[in-house]
Amino acid sequence: QVQLVESGGGLVQAGGSLRLSCAPSGTFVSINTMAWYRQAPGKQGELVASITSADSPNYADSVKGRFTISRDNAKNAVYLQRNSLNREDTAVYSCNANIRIVSWAVQVYWGQGTQVTVAS
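This text gives an overview of the structure that appears in the document. (Residues numbered from 1 in each chain as written. Predicted model: local features only at pLDDT ≥ 70, side-chain atom pairs only at ≥ 80, totals over all residues. Heavy atoms only, no water.)

**Here we look at the pattern of salt bridges**
Right, so step 1: Under the counting rule described, the total for this entry stands at five salt bridges.
Right, so step 2: Of the charged contacts in the structure, one is a salt bridge between Asp-61 and Lys-64, with a shortest N-O distance of 3.7 Å. Lys-64 carries the same exposure label as Asp-61, and that label is exposed.
Right, so step 3: Residues joined in a network through salt bridges with shared partners are Arg-38, Glu-46, Arg-66, Arg-82 and Asp-89. (Salt bridge = Lys/Arg side-chain N within 4 Å of Asp/Glu carboxyl O. Buried < 20%, exposed > 50% of the residue type's maximum accessible area, 1.4 Å probe, protein only.)

See the structure below:
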């Protein structure tokens, strides 16, 4: 069984840095696109950034220039980085990945979500 395991969330001071990590556990063949989503309380979830297996990133217009997504294919991991956090960045951040479980099947997986709280 494949699961996405997230880490790096927590309470962060405004202006501080964020580094979220996500990597799958279990058995699979390969990983295609990976992404980070976020949802603030009472608000609709939104895509933050995605990255292809060829390391081609895509950012939401609202976060372009503020967040950096990267991946380490050797570790099967995806990262989300931000150096100057604002209170508006407070949200539950969730990892998403399209994973080829077997040669004939690709499935979408979601992490459990990690809370990021930005406070002054």
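**Here we look at the environment of Val-108**
Right, so step 1: Within the element layout of this structure, Val-108 appears in strand β10 (residues 105–110).
Right, so step 2: Given the relative accessible area of 52%, Val-108 is considered exposed.
Right, so step 3: Along the sequence, Val-108 and Asn-96 sit 12 residues apart, while their C-alpha atoms lie 7.2 Å from each other.
Right, so step 4: Those residues in contact with Val-108 that sit more than four places away from it in its chain are Asn-96, Ala-97 and Asn-98. (Helix = DSSP H or I, 4+ residues; strand = E, 2+ residues; numbered from the N terminus. Contact = heavy atoms within 4.5 Å.)

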